[in-house]
Amino acid sequence: MESLHRKKESTMYGFSATMTAKPGLGDQLVDLLLTGLDEGSPAASEHCVVYLVSRSATDSDVVHVIEGWTSEEDHHRQFTGEAAQAIVARIGDLLAKESAYGDLVPVRGKAAF
């Protein structure tokens, strides 16, 4: 039970984004976001415990990202890095409109791939 308790406390900050790609560019947006998992990229950090890229079931140009981090500070520190800034800079060219963002407090869940 102690390890479950520690695991539950390890995710203290969450982040969500919903992005709409320009028509037909949803695949490129997904591919770009998935580079966030590459070595040296933000989601490869030990502080990132959840990084989930999903698509809308009804509009393939709508992409959702859910992230879980050990702390808000760890999230922000990773996103000031060169790798994260390169991804963010390229995202803007693919978007049809402003993204919707939200801060989350993870409670519990599961992800298995």
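Residues numbered from 1 in each chain as written. Predicted model: local features only at pLDDT ≥ 70, side-chain atom pairs only at ≥ 80, totals over all residues. Heavy atoms only, no water.

### Some remarks on a nonpolar patch on the surface
Here's step 1: Residues V49, V50, L52, I66, L104 and F113 make up a contiguous nonpolar surface patch of roughly 530 Å² in combined accessible area.
Here's step 2: For the nonpolar patch, the element with the highest residue contribution is strand β2 (residues 48-55), accounting for three residues. (Patch = residues over 30% accessible without salt bridge, like charges linked within 9 Å, V, L, I, M, F, W, Y side chains within 5 Å. Areas by Shrake-Rupley, 256 points an atom, 1.4 Å probe, with all protein chains shown as cover. Salt bridge = Lys/Arg side-chain N within 4 Å of Asp/Glu carboxyl O. Helix = DSSP H or I, 4+ residues; strand = E, 2+ residues; numbered from the N terminus.)

### Some details on the sheet that holds strand β3 (residues 62-69)
Here's step 1: As summarised here, the arrangement of the four strands in space is β2-β3-β1-β4, forming an open sheet in which the pairing is antiparallel. Each of the sheet's edge strands pairs with one partner strand only, and the pair in question is β2 and β4 (100-104). Sheet twist, expressed as the average angle between the axes of neighbouring strands with direction ignored, equals 10°.
Here's step 2: Sheet topology note: the strand β1 (residues 13-20)/β4 ladder contains five bridges and is antiparallel. Its bridge partner being in β4, F15 is matched across the sheet by D103.
Here's step 3: Packing of helix α2 (residues 26-34) onto the sheet brings it into contact with β1, β2 and β3, and relative to β2 it is tilted by some 170°. (Pairing = 2+ DSSP bridges. Axes fitted to C-alpha atoms, helices over the stretch in contact; angles between N-to-C directions. Contact = heavy atoms within 4.5 Å.)

### Brief notes about helix α4 (residues 82-94)
Here's step 1: By the burial criterion, the buried members of α4 are A84, I87, I91 and L94. Taken around the axis of α4, the buried residues stretch over an arc of 75°, which confines them to a single face. When the buried face of α4 is taken as reference, the exposed residues oriented beyond 90 degrees from it are E82, A89, R90 and D93.
Here's step 2: Elements in contact with the buried residues of α4: β1, α2 and α3 (72-78). (Buried < 20%, exposed > 50% of the residue type's maximum accessible area, 1.4 Å probe, protein only. Arc of directions from axis to C-beta.)

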